[in-house]
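One-letter residues, chain by chain:
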Amino acid sequence: MNAPVRRTDVHDGDVGQAGPAGSPVLPLVTVVVVFRERHSFASRALRSILEHRDYPFALHYHDSQSPPSVRRELEAAQGRGELTLFTAGAGTPNQQRNQALLAVETKYVCFIDNDVLVTKGWIETLVATAERTGAGIVFPLYLMGELSEDRIHMAGGKNHLSERNGEIEYNEEHLFANAPASRVAASLQGGDSDFGEFHCMLLSMKMLQEVGPLDEAYLQANEHIDIAMVARQANYRVVFEPKSVVSYVYANAQSPYWLCDIEPFRRRWSHEQAARDVAYMSSKWKLRSLQSMTSFLNRQIGSMELVHPRTQVPAVAAAEAVDNHAYPYVHSFPLLVRQCLAQGQSRKEIAELNRAFDVAAELHGGSFRGSKKTFQEHVVRVASVLVVHGAPFDLVKASLLHAAYMPNTSSGRHLAPTERNRALLRELVGRKVEAIVHTYAAASAAGPAHRQGPPPVIEEMPIVSAQAFVVRIANDIEDLLDHAALLERKSLKHFARVHASYGPVAEACGYRAMVAEFAERIRLAEAALAPGSQDPAAEAWLVELLRQRSPSPLLESHSLATRSRRLAARVVRKLPRRGIPLPLKIAAKKALSPFGLV
């Protein structure tokens, strides 16, 4: 049921004027910040608003279960008298906005999402336009991404209405979408528009008192179009003001999603709710909406990284079944494919897995680890650990390439994490997989925390970091299989530090069974080294023997790898610096790239 709009005693002539006996000036507008889809940008968005307070306004912040660091910043700002903090109740966006309206006592209210950056003069310009035009709704020029990206999200909205077979058909258009703002902003004309969006929207409280509160039947979409239709139906203007500029910032590498964003994001966006909203608007306004929100929602929902397992394995059962010499993990790529097919992976996903494996084979093919397992066998088995524990498929693909940026691998070949190489890997395996691989390498270079404990606030960890931690635990589980870690002279204390630092993060993401298995495999390895151990595979003479590497000098000097490298070096020396035909360049690059020479 829609909440009532609070009626106040503030009249048009009372606002913006000094009160009797020197009482403080009541501002014309209350800026209300509400949650949109993530907490990870909230602090920066708040600071942006506070930095642009040349024009007086009341600031109400409706906090929707913010994580600790954001909550502390909000409370500190309230303590300084910069805002009034409210606790937002559960509900849809319009329900939360209606709740916020109850505390508004100014002539205008400006709703702004908690992922928006503002610019100089943003609110003053909106209020001035509302005062000049008498509009019921005024909205700014919306950019998207960082302000430096210079990309327009919407410069006014247009409704397209047509009649067909006795029905009114409806569709919408975002004007100048994706255009460079620096090229077109100066030519944009303000004036009447069909709709704005709730990224930032100024509304007249007088209008809201006449037409009633925002329609709470909308769950996630079209509420901005509905209020614009309601305003025009009540003879209020809806005005676009291009001199006011804001930008909503989607999650990106510099501002990624946090773990605490996953649940509210899932509640915020769904194909089912969007379809219901489209149907509701069609019914309410007696038209047939042709809106297709599929592509938008595919992009929106697809932007969220997946980290939680698809299936849950009881932790106790997993730990009880652990044996470092018998395990359900496979070592060959065809067997890994069979495991993935059994988990229901699609043909497209298997093709993506195949590409990731081929890239790993180019980097590490033919190399052996200290345990005398091939590097490809290692990465396949790490992937298998993740498949068995139900990890999302991006983590499985990333595990095949987890050493791509690591310089100290036994293969001796890796990609330096330059922008050029990162762009190449993104093109080959996708943005999300490359981001996990890059974060894995960075976390491995830093090493597990020397303190015996988890990060201070797990819920504020970037999801991509948590993904890398889960891959790392799978990697270390594989290292402990068949006592491979002993052959590679890896300290069991190192595994204990990884468990202490990364384990709580993985548990928070739903991998309690995998973390329990990891702890049990560490215990079994320690037991195998203890005096009186009955494990024949851990006997000192055998471990020392397998650690030895004594290749024949004759084989070493005539090995295929050595001869190939020497041949490649000779070819490179003889290639002219310019004038090489393009087909030859491509062939040379393909032939020589495994050797790091081009």
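Here, the structure is the one placed above.
The shown structure was predicted, so the numbers you read here are calculated from the model rather than taken from an experiment.

Asks: What am I meant to see in the overall build of the protein chain here?
Replies: Of regular secondary structure, the protein chain possesses 25 helices and 13 strands. Buried residues in the protein chain amount to 50% of all 598 residues. Within the protein chain, contacts between residues at least 6 apart in sequence are counted, and of these 78% link residues at least 24 apart. In the structure as shown, the protein chain presents an accessible area of about 28500 Å², 55% of it carried by carbon and sulfur atoms.

Asks: Would you explain the sheet that holds strand β13 (residues 288–289) in this entry?
Replies: Strand-to-strand pairing in sheets goes through backbone hydrogen bonds, with the strands running parallel or antiparallel. The three strands lie next to each other as β8-β9-β13, forming an open sheet whose pairing is mixed. Of all the strands in the sheet, just β8 (157–164) and β13 have a single pairing partner and so form its edges. The pairing of strand β9 (residues 167–174) with β13 spans two bridges and is classified as parallel. Counterpart to Tyr170 in the pairing with β13 is Ser289.

Asks: Sorry, what's going on with the packing of helix α14 (residues 375–388) against helix α18 (residues 463–480) here?
Replies: How two helices sit against one another is set out by the angle between their axes and by the gap between those axes. Running from N to C, α14 and α18 cross one another at 120°; their axes reach a closest spacing of 8 Å. Taken together, the axes of α14 and α18 lie oblique to each other. When you trace α14 past α18, the crossing you get is right-handed. Along the contact surface, α14 presents His378, Arg381, Val382, Val385 and Leu386, while α18 presents Val470, Val471, Ala474, Asn475, Ile477, Glu478 and Asp479. Residues of the contact of α14 with α18, tallied by class, amount to seven nonpolar, two polar and three charged.

Asks: Whenever I open this one, the side chain of Asp394 confuses me. Can you help?
Replies: Position of Asp394 relative to the elements: it lies in helix α15 (residues 393–400). Not counting the four nearest positions on each side in its chain, Asp394 is found in contact with Lys432, Val433 and Ile436.

Asks: I would appreciate a short explanation of the pairing of strand β1 (residues 29–34) in the present structure.
Replies: As a general feature of sheets, a regular strand has side chains that alternate between the two faces. With six of six residues buried, β1 is to be regarded as a mostly interior element. The alternating pattern of β1 places Val29, Val31 and Val33 on one face and Thr30, Val32 and Val34 on the opposite face, and all of these are buried. The pairing of β1 with strand β2 (residues 58–63) spans four bridges and is parallel. Residue pairing for β2: Val33 is matched across the bridge by Tyr61. Between the parallel elements β1 and β2, the chain passes through helix α1 (residues 42–51) in a crossover that is right-handed.

Asks: Would you mind showing me how to read helix α2 (residues 68–79) here?
Replies: The periodicity of an α-helix, 3.6 residues per turn, causes residues three or four places apart in sequence to face the same way. Over its twelve residues, α2 extends 16 Å from the first C-alpha to the last, a length consistent with the 16 Å expected when each residue adds 1.5 Å. Among all positions in α2, only Val70, Leu74 and Ala77 are buried. Buried residues of α2, seen end-on, are gathered within an arc of 65° and therefore sit on one face of the element. Summarising the geometry of α2, the exposed residues directed more than 90 degrees from the buried face are Arg72 and Gly79. Just beyond α2, the residue with positive phi is Gly81, at close to 80°.

Asks: What should I look at first to understand helix α16 (residues 419–429) in this one?
Replies: Taken residue by residue, α16 has Asn421, Arg422, Leu425 and Val429 as its buried positions. Along the axis of α16, the buried residues cluster in a sector spanning 100°; they form a single face. The exposed set on the far side of α16, more than 90 degrees from its buried face, consists of Glu419, Arg420 and Glu427. Buried residues in α16 make contact with α13 (347–364) and α17 (431–446). Downstream of α16 by one or two residues, Gly430 has phi in the positive range, about 100°.

Asks: Where do I start with the environment of Ala135 in this structure?
Replies: Tracing the backbone shows Ala135 in the loop between α4 (122–133) and β6 (137–144). For Ala135 and Met207, which are 72 residues apart along the polypeptide, the C-alpha to C-alpha distance reads 9.1 Å. Residues contacting Ala135, with those up to four places away along its chain left out, are Ala130, Ser204, Arg237 and Val239.

Asks: Is there a simple way to think about the pattern of salt bridges in this case?
Replies: Where charged atoms from two side chains of opposite charge come close, those side chains can pair. Applying the stated rule across the entire model yields 28 salt bridges. A salt bridge links Arg381 to Glu478, with the shortest nitrogen-to-oxygen separation between them at 3.1 Å. Here the residue Arg381 occupies a position in helix α14, and Glu478 occupies one in helix α18, the gap between them amounting to 97 residues.

Asks: What should I look at first to understand the packing of aromatic side chains in this one?
Replies: What describes a pair of aromatic rings is the distance from one ring centre to the other and the angle between the planes of the rings. Tallied over the full model, the rule gives eleven aromatic pairs. Measuring from ring centre to ring centre gives 6.3 Å for Phe57 and Trp122, while their planes differ by 75°; the resulting arrangement is edge-to-face. Here Phe57, found in the loop between α1 and β2, pairs with Trp122, found in helix α4; they are 65 residues apart in sequence, far enough to count as distant. With a centroid separation of 5.4 Å and an interplanar angle of 70°, the aromatic rings of Tyr257 and Phe265 are classed as edge-to-face. Relative accessible area serves as the criterion here: at 3%, Phe265 is assigned to the buried category. Through a chain of ring-to-ring contacts, three or more aromatic side chains come together here, namely Phe139, Tyr142 and Phe240.

About the criteria used
- Residues numbered from 1 in each chain as written.
- Predicted model: local features only at pLDDT ≥ 70, side-chain atom pairs only at ≥ 80, totals over all residues.
- Heavy atoms only, no water.
- Helix = DSSP H or I, 4+ residues; strand = E, 2+ residues; numbered from the N terminus.
- Buried < 20%, exposed > 50% of the residue type's maximum accessible area, 1.4 Å probe, protein only.
- Contact = heavy atoms within 4.5 Å.
- Areas by Shrake-Rupley, 256 points an atom, 1.4 Å probe, with all protein chains shown as cover.
- Pairing = 2+ DSSP bridges.
- Axes fitted to C-alpha atoms, helices over the stretch in contact; angles between N-to-C directions.
- Parallel < 35°, antiparallel > 145°, perpendicular 65-115°, else oblique.
- Left-handed = near helix turned anticlockwise from the far one by under 90°.
- Nonpolar A, V, L, I, M, F, W, Y, C, P; charged D, E, K, R; others polar.
- Right-handed = clockwise from strand over helix to strand, strands pointing away.
- Expected span 1.5 Å × (residues − 1).
- Arc of directions from axis to C-beta.
- Salt bridge = Lys/Arg side-chain N within 4 Å of Asp/Glu carboxyl O.
- Phe/Tyr/Trp six-rings, centres within 6.5 Å; stacked < 30°, edge-to-face > 60°.

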